[in-house]
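Observations on the three-dimensional arrangement
Given next are the chains, with one letter for each unit.
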Amino acid sequence: MEIHENFSLKHYNTFSIDAKARFFNEFSSKEELEEYLMFYAEYPIFILGGGSNILFTEDYSGAVLKNSIKGIELQHEDSDYVYVKVGAGENWHEFVLHCINHNWAGVENLSLIPGNVGASPIQNIGAYGVELDEVFWSLEALHIGERRIHTFTPVDCEFGYRDSVFKNRYKNDFAILSVTFQLKKRPVFHTSYGAITEELEKMGVKELSIKAISQAVINIRSSKLPDPKTIPNAGSFFKNPEVPAEKYEELRSKFQDIVAYPLAKGTVKLAAGWLIEQCGPPEAVTWKGYRKGDAGCHAKQALVLVNYGNAEGEEIYDLSEKILLSVNEKFGVMLEREVNIV
Ligand SMILES: Cc1cc2nc3c(=O)[nH]c(=O)nc-3n(C[C@H](O)[C@H](O)[C@H](O)COP(=O)(O)OP(=O)(O)OC[C@H]3O[C@@H](n4cnc5c(N)ncnc54)[C@H](O)[C@@H]3O)c2cc1C
């Protein structure tokens, strides 16, 4: 067994933070993971996927174990659905492309989300009007302390908006080994969200297909979101806050152009990016485009914090704290971080 000690995680997180793991290993099977868990029994364990939703603010004093379990397997099918079991270490977007090639519908709107399949249920990934829980069937995970396999159904996962039981009660307790998806044989198209319809028109699409929707989403995302390979980041740093209708009305009376989406349950989701744009540090009018050292708030997407080079995780975290406080001061709304702070 090769042991990597004092291992730089710079190339293993999309923020490109040069934090060190006391130990680092990669596993490609449950058995290999079990060996590492025995070997590192006295240390804290952190399971890593693609590193696209993490901010390391300090070195990790335990073992970082990167999940590289592969495999995409059609388990069974009925008249309406296919049930597909996927190794947690498969790249999410490659899995989406695999589904499109096989005409399995349901994940096309989630094209180009970075990271691995194993992390997808953790924050119930979502984009362009679709969330993972709409296609999730079950997952298998190893309890790190007990070393026993558990199967989670959708109810067990307690999915919410960018949320699940794995971000709360079971935070860092489980290593997800595989996820099984229930995908449609006959697609139901979701085109009303964002600029999908416009993009499809621009592409000259005459007949709607999951392939066309996927390509439209890819085009929109590529033009809007900063590529972590060019400017390291972890996507949206904050969640869009949900407020009671009365709070929204109070805000709207003061800020007529506030960007918000009413939810079916009667609450209102506010666009965190808009809130952030309206606030700023003492030396600037807005956080949007703000930069201190190598830590910054992206010039086109205020929701995305970026590392312009050699920012420390702490610097990015401090910037996020300042943004949070200024938004709370101006609007009385406390933003919540979407990115996992380690
Ligand atoms: C440019 C950009 C755009 C993005 N756009 C979106 C978007 O549109 N929608 C969206 O929802 N997200 C988005 N994200 C966030 C991110 O891509 C997702 O949250 C993704 O699911 C994270 O996967 P990962 O494998 O990189 O997880 P990591 O960052 O490696 O890990 C995230 C958390 O999950 C845990 N974890 C990872 N794998 C496992 C496992 N197998 N078992 C147990 N725990 C595990 C880690 O311990 C950590 O706590 C974006 C990120 C970037 C950089």
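Relevant structure appears above.
Residues numbered from 1 in each chain as written. Predicted model: local features only at pLDDT ≥ 70, side-chain atom pairs only at ≥ 80, totals over all residues. Heavy atoms only, no water.

**Observations regarding a nonpolar patch on the surface**
What counts, and what does not: The patches described consist of residues with a relative accessible area above 30% and no salt bridge, like charges being joined within 9 Å and nonpolar side chains (Val, Leu, Ile, Met, Phe, Trp, Tyr) within 5 Å. For accessible areas, the Shrake-Rupley method is used with a probe of radius 1.4 Å. Any residue's cover is judged against the shown protein chains and nothing else. By convention in these notes, a salt bridge is any Lys or Arg side-chain nitrogen within 4 Å of a carboxyl oxygen on Asp or Glu. Starting at the N terminus, helices and strands are each numbered in turn, a helix being any DSSP run of H or I of at least four residues and a strand any DSSP run of E of at least two.
Taken together, Met-1, Ile-3 and Phe-39 make up a surface patch of nonpolar side chains, about 290 Å² in accessible area. Along the chain, Ile-3 falls in the segment before strand S1 (4-8).

**Looking at the pairing of strand S11 (residues 149-152)**
Looking along a regular strand, one sees side chains alternate from face to face of the sheet. As a reminder, the rule being used: Pairing between two strands requires that DSSP report at least two bridges joining them.
Across four bridges, strand S10 (residues 136-143) lies against S11 in antiparallel orientation. From the neighbouring strand, Leu-139 faces S11, where its bridge partner is Phe-152. Taking the residues that link successive antiparallel strands as the turn, the S10-S11 hairpin has five residues, and the phi of Arg-147 there is positive, at about 55°.

**Topic: the site of the ligand**
This is how it is decided: Whether a residue is near a molecule or strand is decided by its heavy atoms; if any one of them lies within 4 Å of it, the residue is near. Polar contacts, as used here, are pairs of N or O atoms within 3.5 Å; protein pairs need one atom able to donate a hydrogen and one able to accept it. Residues neighboring in sequence count only if both atoms are side-chain atoms. Under the convention adopted here, Pro, Cys and the residues Ala, Val, Leu, Ile, Met, Phe, Trp and Tyr are nonpolar, Asp, Glu, Lys and Arg are charged, and Gly plus all remaining residues are polar.
In the region of the ligand, 34 residues are neighbours, and Ile-47, Gly-50, Gly-51, Ser-52 and Ile-176 sit closest. Contact between the ligand and Asn-53: an oxygen atom at 2.8 Å from a main-chain N or O atom of the residue. A distance of 2.8 Å separates a nitrogen atom of the ligand from a polar atom in the side chain of Arg-221. About the coverage of the ligand: the protein hides 94% of its 980 Å² of free accessible area. Listed by contribution, the elements that provide at least two residues to the shell around the ligand are strand S3 (45-48), strand S8 (126-127), strand S12 (174-184) and strand S13 (233-236). Counted by class, the shell around the ligand contains 17 nonpolar, 15 polar and two charged residues.

**Some thoughts on the nonpolar core**
Within soluble globular proteins, side chains that are nonpolar generally end up buried alongside one another. Test applied: For our purposes a nonpolar core is just a set of buried Ala, Val, Leu, Ile, Met, Phe, Trp, Tyr and Cys residues, chained together by side-chain atoms within 4.5 Å. The cut-offs for exposure are 20% and 50% of the maximum accessible area for each residue type, with area from a 1.4 Å probe on protein chains only; residues under the lower value are buried, those over the upper are exposed, and the others partly exposed. Should any heavy atoms of two residues lie within 4.5 Å, those residues are considered in contact.
If you look at the biggest cluster of nonpolar residues, it comprises 48 residues, and the most contacted ones within it are Leu-270, Leu-275, Ile-276 and Phe-331. Among the elements that line this core, the one with the most residues is helix H8 (residues 313-331), at six residues. Among residues more than four places away in sequence, those in contact with Leu-275 are Pro-241, Ile-258, Leu-270, Val-327, Phe-331, Val-333 and Leu-335. Counting residues in each nonpolar core, the second largest holds 41 residues, with Val-135, Phe-159, Leu-200 and Ile-210 among its members.

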